[in-house]
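# Close look at the chain arrangement
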Amino acid sequence: MSVTLHWFLPTAGDGRTVLDRFHNATDSGTPAHRPPDIDYLAQIAHAAEKLGFTGVLTPTGTWCEDAWLTTAALIRETRRLKFLVAFRPGVLSPTLAAQLAATYQRISGGRLLLNVVTGGDTVEQRRFGDWLGHDERYARTDEFLALVRAIWDGKPVDHEGAYYRTEGATLLAPPDPLPTVYFGGSSEAALPVAARRADVYLTWGEPPAAVAEKIGRVRELAAAQGRELRFGIRLHTITRDSAKDAWAEARRLLDALDPAAVAKAQQHLSASQSVGQQRMVALHNGNRDGLEIAPNLWAGIGLVRGGAGTALVGSHREVADRIEEYHALGVSEFILSGYPHLEEAYWFGEGVRSELAARGLLAQEWD
């Protein structure tokens, strides 16, 4: 299976340093040097499309702009780019989610991908009025996705479950094609839901051995359901013409981090209910030393940023090597980002993508 590359839309803002407002549920974090206005986000979307990325992930939360509305505004700005819209099942009904997806597919010409975010931060969840505990949220997501897929079949759905009750739930017309469902989660409650309901299981950028172990578990669970999933990974990138230049940029980002901001972020992130977030924190434990946790895998981003906290750092060839290594484990989709997102899209697109193409890892040549 070839490699599929996606980029990221920074709808909380962007800049030349790591912004700590991502997944920050206690305050607004560092002000963005580049506000997430539609013109700047369109620049990134144009660059991603021009550079051959398949899609762009757009996050969800109170710390960023709404993903559905922002990406819908970018549909007419692009021609082929797909939009991986993150959303939380607990804050809208399954029927509305099914309708949003169907409408989006029609107005975009089939360019919607869905990233289901069950949620692991209690403070953030309660901002949306969601008071369920961690495991119960995954149980609700399981029922939610089963109901959404039933509604997409195009026949009225009567359903009475633990979390939802519908009578004659239906749509004007089912989405065509059905949106690919991406799903992440590292806990014992999350993995069976992924195996039953997801098309693509996502993990944050852990070292290859840890990723291999997680993929193996999900693959086993899916096989028991008679299903096969694809696998994706979420990473930042710092890639340059030479490894020396790439690591110099990583050092610049690290030097710009205020120790007080790191301590505050780590206090919050360490308290997260998310098992995936706990695994990210355990890669560095708030320590600035020893941040290269595997060859070319740097954990410095996670000192202040919640969620994906690691970056591939190195020359274009080295970063391509690491992508090829993850691909050999079964990872076929790479959702990437970098600071600032506009410039880093070009560094990766013009540098690493040609390396991957030369190795026969891309479905088609970049034009």
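Relevant structure appears above.
Residues numbered from 1 in each chain as written. Predicted model: local features only at pLDDT ≥ 70, side-chain atom pairs only at ≥ 80, totals over all residues. Heavy atoms only, no water.

With that out of the way, let us pick up unusual backbone geometry. Cis geometry is adopted by the peptide bond preceding Pro177, which originates at Asp176 and carries an omega value of 0°. One can find Pro177 in the loop between strand E6 (165-169) and strand E7 (180-184). Across the junction of Tyr339 and Pro340, the peptide omega takes the value -10°, indicating a cis bond. By the element assignment, Pro340 lies in the loop between strand E13 (331-337) and helix H12 (341-358). Not every positive phi belongs to a glycine, and Asn285 is a case in point at roughly 55°. With respect to the element layout, Asn285 can be found in the loop between helix H10 (275-282) and strand E10 (292-294). On the basis of relative accessibility, which here comes to 60%, the residue Asn285 falls in the exposed class. In this structure, Asn296 takes a positive phi of about 65° despite not being glycine. Following the sequence through the fold, Asn296 ends up in the loop between E10 and strand E11 (297-298). (Helix = DSSP H or I, 4+ residues; strand = E, 2+ residues; numbered from the N terminus. Buried < 20%, exposed > 50% of the residue type's maximum accessible area, 1.4 Å probe, protein only.)

Applying the stated criterion across every chain, the model contains 20 salt bridges. The partner of Glu124 in a salt bridge is Arg88, with the nearest N and O atoms 3.5 Å apart. With Glu124 in helix H4 (residues 122-127) and Arg88 in the loop between strand E3 (82-87) and helix H3 (94-108), this pair connects stretches of sequence that are 36 residues apart. Both residues of the pair, Glu124 and Arg88, belong to the buried class. Note that Arg240 and Glu344 form a salt bridge whose closest N and O atoms lie 2.7 Å from each other. Residue Arg240 is located in strand E9 (residues 230-240), and its partner Glu344 is located in helix H12; the two are separated by 104 residues in the primary sequence. Among the residues examined, Glu344 registers a relative accessible area of 2% and is labelled buried. Linked by salt bridges that have partners in common, Arg317, Asp321, Glu324, Glu355 and Arg359 make up one network. (Salt bridge = Lys/Arg side-chain N within 4 Å of Asp/Glu carboxyl O.)

All we've got here are geometric facts, nothing functional implied.
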